[in-house]
Amino acid sequence: MSDATLQQPPTMLELIGLRKSYGQKLVLKGIDLRVPKGQVVSLIGSSGSGKSTLLRCINYLETPDAGSAIKVDGQQIGSDDPRNLSMRALRRQRTEIGMVFQHFNLFPNMTALDNVCEAPLAHRRGSKAEIQAQAMALLERVGLAERAGHYPSQLSGGQQQRVAIARALAMKPKLMLFDEVTSALDPELVDEVLKVMRALAEDGMTMIVVTHEMAFAEDVGDRVIFMADGAILEDGNPAEVMRAPKAERTRTFLSRALRTR
Amino acid sequence: MSFDPQILAAYLPELWKGLRVTLWLFLAIMGLCTPIALAIALARISGRPWLAWAAATYVNVIRSIPLLVILFFTFYGLPVAGIYVSPFTAAMIGLTVCTSAYLAEDLRAGLMAIPRGQYEAAAAMGLPPGRFVARVLIPQALPVMCAPYFTRAIVSLKATSIASMVAVGELTSESMAALTETYRAAEFLGFAAVSYLVISSLLALLQAAVQRAVRLP
């Protein structure tokens, strides 16, 4: 084994031949992807390119076609034959993966603190007091400890999204998925969410971020993947992909995206 | 047409007995229907094809048959099958079977009003289905379910009068018995109508209180 191999960080996410169809339409055309531990991957591309579907397949919110393989930290997610999928096993596997949605999807009947406590309580990850203390620490981390008793309707969009990030972190996931998390926010609220994500990346969290925030992709991402028509068209470090794209489609997309930035 | 309060007073013990039977029947129906209807509604949205199919079939069959036919079936049909029950029990079973089908659809509408994102968030967090239903789905659906639930309760209250057709001595039955003996329609039908009105009004007040209590923050 060479020194280079020894120094390589362990693989956190591995996708092998990930395919997804809706009826006759093939929306993911056999994606192969390996993400090392601690890497921040920005997924960019036009609407309908398959990037959100790819993200949602990783935690089986969308069931991939048979034959696809997804591994997080070496552990298979779902089943390569969806007919043999045990829901109980899938629920356990999903606790390893945190997900943050475009529209926050906080539970409106619970306070910010209860939202963050819900999954650890459901999975009995400690006593109620311990879980609440950990949840408060997470809310502190996203700068919302003083809003712990507020309901989602009493918070701004940016605050709701930060609570959603704290909620996703509550199960101490190995991998975080972010699905266009700033797209539904007013422009002045985007920065507070990106700041939390930036801090998370600096702490070494492995993150897959579907984003239209090109500055974030360039500054925070270790790697940028451009998707088109259900396939990875370009994959490299941010400077390579964003400053010197190889494919014409990437150039066209980036010239439009960077113009509207 | 004169109104004779004295004749009403003379029959008050029978009418009061009928009113109590109506109330018990109503409470029994709603007590049984609520969990059954909720289970049917959850089965329909469960995403499990056989469960959803069974629940949909129950709803579609039962709501296609007149309530009176179902009541006659439980009153006359159960003894044929060797099951002997009192008229009250026969009426309770028939009304429960029928009302639970309608109520299931009312509750399903409430459950379906919950945005898909809530289901996805719970799935992504790995919440078990029971906990999701109890902690997320029902608390959010309650404010939506409240008005149709109480409307169905009021409809069921009035539907208990049909139990008079299968020998249950409830309010309408006792009022009709008194009318037949005295030919005083205004007093006895008036008493029945006002009684239903009062109970329905109390249910409407309860609805307002419950709606305030379950409102989302």
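Quantities reported herein were computed from a predicted structural model and do not represent experimental measurements. (Residues numbered from 1 in each chain as written. Chains lettered and ligands numbered in written order. Predicted model: local features only at pLDDT ≥ 70, side-chain atom pairs only at ≥ 80, totals over all residues. Heavy atoms only, no water.)

**Q** Give a detailed account of the pairing of strand β9 (residues 223–228) of chain A, specifying residues and quantitative values.
**A** All names here are of chain A. With respect to burial, β9 is a largely interior element, six of its six residues being buried. Along β9, one buried face is formed by R223, I225 and M227 and the opposite face, lined by V224, F226 and A228, is buried too. Pairing between strand β3 (residues 40–45) and β9: five bridges, direction parallel. Residue pairing in the sheet places I44 in a bridge with F226 of β9. For β9 and strand β10 (residues 231–236), the ladder comprises five bridges, and the chain directions are antiparallel. (Buried < 20%, exposed > 50% of the residue type's maximum accessible area, 1.4 Å probe, protein only. Helix = DSSP H or I, 4+ residues; strand = E, 2+ residues; numbered from the N terminus. Pairing = 2+ DSSP bridges.)

**Q** Describe the sheet that holds strand β7 (residues 175–179) of chain A, listing the residues and the values that go with them.
**A** Pairing between sheet strands relies on hydrogen bonds along the backbone, with the strands arranged either parallel or antiparallel. All names here are of chain A. Across the sheet, six strands lie side by side as β6-β7-β8-β3-β9-β10; this open sheet has mixed pairing. Edge positions in the open sheet fall to β6 (97–100) and β10, since each of these has one partner strand only. Averaged over neighbouring strand pairs, the angle between their axes works out to 20 degrees when direction is ignored. Most of the contacts of helix α2 (residues 51–58) go to β7, to which it runs at about 145 degrees, and overall it touches β3, β6, β7, β8 (206–210) and β9. (Axes fitted to C-alpha atoms, helices over the stretch in contact; angles between N-to-C directions. Contact = heavy atoms within 4.5 Å.)

**Q** Describe the interface of chain B and chain A, with residues and values.
**A** One frequently used descriptor of interface size is the decrease in accessible area upon assembly of the parts. Contacts between chain B and chain A engage 19 residues on the former and 24 residues on the latter. Of the roughly 1900 Å² buried where chain B meets chain A, counting both sides, 59% is carbon and sulfur surface. Contact with chain A buries surface across chain B, with B:A124, B:M125 and B:P217 losing the most and accounting together for 31% of the total. The interface formed by chain B and chain A holds three salt bridges in total. Two residues, B:R131 and A:E118, come together in a salt bridge whose shortest N-O distance is 2.7 Å. Joining chain B to chain A, the criterion identifies 10 residue pairs in polar contact (both at pLDDT 80 or more). Looking at the side of chain B that touches chain A, the elements that each hand over two or more residues are α6 (116–125) and α7 (129–159) of chain B. With eight residues, α6(B) is the single largest residue contributor to the side of chain B that touches chain A. Its residues assigned to classes, the side of chain B that touches chain A comprises 12 nonpolar, four polar and three charged. (Buried area = accessible area lost by both parts, 1.4 Å probe. Salt bridge = Lys/Arg side-chain N within 4 Å of Asp/Glu carboxyl O. Polar contact = N/O pair within 3.5 Å; in protein donor to acceptor, adjacent residues only side chain to side chain. Nonpolar A, V, L, I, M, F, W, Y, C, P; charged D, E, K, R; others polar.)

**Q** Describe the state of the cysteines, naming the residues involved and giving the relevant values.
**A** Counted under the stated rule, the structure contains zero disulfides over all chains. B:C33 forms no disulfide, and the closest cysteine sulfur to it belongs to B:C98, at a distance of 8.8 Å. (Disulfide = S-S within 2.5 Å.)

**Q** Before we move on, can you summarise unusual backbone geometry with the specific residues and values?
**A** Positive phi values are uncommon outside glycine, yet A:K172 reaches one of about 50 degrees. On the secondary structure map, A:K172 appears in the loop between α6 (157–169) and β7. For B:Y183, which is not glycine, the phi torsion reads 60 degrees and is therefore positive. With respect to the element layout, B:Y183 can be found in the loop between α8 (171–182) and α9 (185–214). Looking at B:Y183, the relative accessible area reads 72%, which means it is exposed.

**Q** Hey, could you go over the pairing of strand β4 (residues 69–72) of chain A for me, with residue numbers and the actual values?
**A** Residues and elements named next belong to chain A. Of the strand pairs in this sheet, strand β1 (residues 11–22) and β4 are connected by four bridges, and their pairing is antiparallel. Note on β4: the bridge partner recorded for L15 is I70. Summarising the sheet, β4 and strand β5 (residues 75–76) pair through two bridges and their orientation is antiparallel. If you follow K71 over to β5, its bridge partner there is Q76.

**Q** Could you give an account of the pattern of salt bridges, with specific residues and numbers?
**A** Close approach of charged atoms allows side chains of opposite charge to pair. On inspection of all chains with the given rule, the structure shows 19 salt bridges over all chains. Close ionic contact of A:E192 with A:R162 constitutes a salt bridge, the shortest N to O distance being 2.7 Å. A residue pair is termed long-range when its members are at least 10 positions apart, and A:E192 in helix α7 (residues 187–202) and A:R162 in helix α6 qualify at 30 residues. Residue B:R116 pairs with B:E120 through a salt bridge whose shortest N-O separation is 3.5 Å. Of this pair, B:R116 and B:E120 both sit in helix α6, four residues apart, roughly one helical turn. Through salt bridges with shared partners, a single ionic network connects A:R56, A:E62, B:R116 and B:E120.

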